[in-house]
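Secondary and tertiary structure notes
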Amino acid sequence: MNKDILKRLFRSIDGNPEDDIVKVAYDIIKDEEEKGHHVLSKQLSAILEENLQTSKKLGKELKDIFSGSSAKGNAKEFPLAVQIPRDKLRHEMVLSKEIEGKFQRIEKEFVARARLAKHGLRPKQKILFFGPPGCGKSMGAERLAWNIGLPFYKVRFEAVISSYLGESLINLKKLFDNITHVPCVLLLDEFDIIAKSRNYGQDVGEMHRLVNMVLFLLEEYNAPGLLVATTNLETSLDKAVFRRFDEVIEIAKPGKDEILRLLEMTFSSTKLPKEIDFSKYLDKLDGYSSAEIVKIAENVIKSAVIDGNSGIESSSFDKMINETIRFHENK
Ligand SMILES: Nc1ncnc2c1ncn2[C@@H]1O[C@H](COP(=O)(O)OP(=O)(O)OP(=O)(O)O)[C@@H](O)[C@H]1O
Ligand SMILES: [Mg+2]
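As the structure is a computational prediction, the values presented were derived from the model and not from experiment. (Residues numbered from 1 in each chain as written. Chains lettered and ligands numbered in written order. Predicted model: local features only at pLDDT ≥ 70, side-chain atom pairs only at ≥ 80, totals over all residues.)

Quick notes on the site of ligand 1
Looking at ligand 1, there are 17 residues lining it, with Pro133, Gly136, Met139, Ser290 and Ala291 nearest. At the level of elements, α6 (137-148) and α14 (290-306) are the ones that each hand at least two residues to the shell around ligand 1. Partitioned by chemical class, the residues of the shell around ligand 1 number nine nonpolar, six polar and two charged. Here the shell around ligand 1 spans two domains, and each of domain 2 (66-250) and domain 3 (256-329) adds at least three residues to it. (Near = placed C-beta within 6 Å. Helix = DSSP H or I, 4+ residues; strand = E, 2+ residues; numbered from the N terminus. Nonpolar A, V, L, I, M, F, W, Y, C, P; charged D, E, K, R; others polar. Domains from an automatic or database assignment.)

Some words on helix α4 (residues 97-111)
When the terminal C-alpha atoms of α4 are compared, their 21 Å separation across 15 residues agrees well with the 21 Å that a helix rising 1.5 Å per residue should span. Every buried residue of α4 is listed here: Ile99, Phe103, Ile106, Glu107 and Phe110. The arc that holds the buried residues of α4, viewed along the axis, is 95°, so those residues lie on one side. Among the exposed residues of α4, those oriented more than 90 degrees off its buried face are Lys97, Glu98, Gly101, Gln104 and Lys108. Packing partners of the buried residues in α4 comprise α5 (113-118), β2 (126-130), α6, β5 (226-231) and β6 (247-250). (Expected span 1.5 Å × (residues − 1). Buried ≥ 20, exposed ≤ 12 C-beta atoms within 10 Å, placed from the backbone. Arc of directions from axis to C-beta. Contact = placed C-beta atoms within 7 Å.)

What about the environment of Thr180?
The topology assignment puts Thr180 in the loop between α8 (165-179) and β4 (185-188). We classify Thr180 as partly exposed; it has 13 C-beta atoms within 10 Å.

Examining the pairing of strand β3 (residues 152-155)
Burial of β3 is two-sided: the residues Phe152 and Lys154 facing one way and the residues Tyr153 and Val155 facing the other way are all buried. In terms of strand pairing, strand β1 (residues 81-84) meets β3 through four bridges, oriented antiparallel. Within the sheet, the bridge partner assigned to Val82 lies in β3 and is Lys154. Bridge count for β3 against β4 is four bridges, and the pairing is parallel. Within the sheet, the bridge partner assigned to Tyr153 lies in β4 and is Leu186. (Pairing = 2+ DSSP bridges.)

Observations concerning the packing of α4 against α6
What describes two packed helices is the angle between their axes and the distance between those same axes. Orientation of α4 relative to α6, taken along the N-to-C sense of each, is 40°, at an axis distance of 10 Å. Like other packed secondary-structure pairs, α4 and α6 cross with a definite hand, here right-handed. Counted together, Phe103, Ile106, Glu107, Phe110 and Val111 of α4 and Gly140, Leu144, Asn147 and Ile148 of α6 form the full contact between these two elements. The class makeup of the residues in the contact of α4 with α6 is six nonpolar, two polar and one charged. (Axes fitted to C-alpha atoms, helices over the stretch in contact; angles between N-to-C directions. Left-handed = near helix turned anticlockwise from the far one by under 90°.)

Now the structure itself:
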């Protein structure tokens, strides 16, 4: 097997030494060693041991860390972060070449972090995605976790904002303190809620404290994982926030090449035969978000399945596009 694929596979393995998957991993290491691939088998072994250590730590620490705490003892009432299990992570993305390159750079730097450290360098760890809705900001964070093989946690800002602020500040600080021991991808999704939250009727002084706390936490972030924030509105974040990220990436609406790949990807998941020439729809779909394009394609497949059609015809694709376009024009 290609050694990069093998390493990627190993990065996604965690659990206990008794788990079947871990036993298979040990067999593969032995196998590679016997084939004379000593360097590879050593690398795989190091990846596996690190993951097993992390799993052990995670099991013990994460439960309390991510459930938040409350002076009133209702500990689980306002959890500030939720885990998305690995098998639920969305990761098959269509991105322009340029953005795909930036994603891969982040992933490669993270994987090479030990080598970088020997030269006094750190990988990019604080990433901000901005851009229009439905084009892959949240999904992008999940994909990074998937490819790097780290557990994925999403901070629930709405819980931070809507619960008692003083208490939330403490919880937020605690959350950040604790991730310094736990490698994970921490997503601060829809980060702009902080900037917008002045309109939520919160006390202005309190909101200032929250914004300052987040700036401080970003500045001080020194954890072994990645921190990813997302926002729709670049203008609502002040420059002080942008400066604190190692990489700021705009995820824009898909161009025609990406639209074509999104259609091909979505339709490739169906076994139904199709007689559609996608290229004739690219102009019509230009300007739509990736989410809308995926939804149109999925609707066409769903209606073919429900109507018991043996294949997907251009006419049903036309119909779904027209319905979607009409819906948008009426909005
Ligand atoms: N680049 C992409 N490649 C493949 N599918 C995508 C892409 N972007 C979006 N999608 C599809 O759209 C859905 C929504 O994407 P996502 O949640 O990442 O959007 P978002 O940019 O975070 O939007 P919002 O600003 O509304 O939170 C995904 O589950 C996926 O089906
Ligand atoms: Mg999102």
